[in-house]
Each structure stands twice: as C-alpha cells, then as structure tokens.
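# Structural features, examined
Here are the chains, one letter per residue:
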Amino acid sequence: MIEPAVVLTILLMAAVTYLTRIGGYLVLRNRTLGPRAMAVVEAAPGCVLISVIAHSFVAANPADLAALFITLLAATRLSMLPTVLIGIASSGLLRYLLG
C-alpha cells in the first residue's frame, strides 16, 4: 500500500512542475527571444539530466557506474527521451543484477 505522504509528495511535485512550465509560457508568450536566450532555454533539459545523474560520477557501486556509462553512450547518439529511458532501464536492471 502506498503511503499518503508519498502520494501527496508526488502530486505536489507534479503541480510545481506544471506551474513552472505554465508560468514560463505566461511570462514569455508575448516576447521574442534572442539567439542567446533560446540557447539557454534549449540547454536547460540537459542541465537537469546531468544534475540527476551527477552523483553516479562518484559512486562506488559497479551497477551505477555501468549505468552511467550506458547513459552517456546513449546521450551521444540519441535524443533526450530515449536517453532518459535507457538510463532508467539500465540503472534498474543493473542494480537488480549486480546488487
């Protein structure tokens, strides 16, 4: 059974994510962004992905290090969504297999 605090945390995280996305749209909907601003906006998802996996760079767990290598390899060849899915799947599978 899922604890109510976990469900509440997930719902609040989803709400904050939605509000930041819609807030950005509302603030910028009547503006034209320059090339530098567009570069920053386009780079943001990659920065978020790095912040999520950065702890694996210093991990001593072989499963985490292998999953990091697989994710980095996928990132050099694929777009963001397949890279994230491969990273999640490889991390889960390798942690299950290698402990």
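So, how was this worked out
Residues numbered from 1 in each chain as written. Predicted model: local features only at pLDDT ≥ 70, side-chain atom pairs only at ≥ 80, totals over all residues. Heavy atoms only, no water. Salt bridge = Lys/Arg side-chain N within 4 Å of Asp/Glu carboxyl O. Helix = DSSP H or I, 4+ residues; strand = E, 2+ residues; numbered from the N terminus. Buried < 20%, exposed > 50% of the residue type's maximum accessible area, 1.4 Å probe, protein only. Axes fitted to C-alpha atoms, helices over the stretch in contact; angles between N-to-C directions. Parallel < 35°, antiparallel > 145°, perpendicular 65-115°, else oblique. Left-handed = near helix turned anticlockwise from the far one by under 90°. Contact = heavy atoms within 4.5 Å. Nonpolar A, V, L, I, M, F, W, Y, C, P; charged D, E, K, R; others polar. 1 Å grid on protein atoms, 1.4 Å probe; cavity = no way out; pocket = protein on both sides within 12 Å on 5 of 7 lines; lining within 4 Å. Points joined across faces, edges and corners; volume = space filled by probe spheres on them.

The next point concerns the pattern of salt bridges. Enumeration according to the criterion identifies 1 salt bridge in this entry. Of the charged contacts, one joins Asp64 and Arg95 as a salt bridge, the two residues approaching to 2.7 Å between their closest N and O atoms. With Asp64 in helix α3 (residues 62-75) and Arg95 in helix α4 (residues 80-98), this residue pair connects regions lying 31 residues apart in the sequence. Asp64 sits in the buried class, given a relative accessible area of 10%.

What follows concerns the packing of α3 against α4. Between α3 and α4, the least distance of the axes is 8 Å, while the angle of their chain directions is 160°. Accordingly, the angle class assigned to the pair α3 and α4 is roughly antiparallel. The hand of the α3/α4 crossing is right-handed. Facing α3, whose interface residues are Pro62, Ala63, Asp64, Ala66, Ala67, Ile70, Thr71, Ala74 and Ala75, α4 presents Thr83, Ile86, Gly87, Ser90, Ser91, Leu94, Arg95 and Leu98. Each residue belonging to the contact of α3 with α4 can be placed in one class, and the counts come to 10 nonpolar, 5 polar and 2 charged.

Another point: the layout of surface pockets. Quantified by volume, the second largest pocket comes out at close to 200 Å³. Surrounding the second largest pocket, Thr20, Arg21, Gly24, Tyr25, Leu28, Leu33 and Val41 form its lining. The residue inventory of the lining of the second largest pocket, partitioned by class, reads 4 nonpolar, 2 polar and 1 charged.

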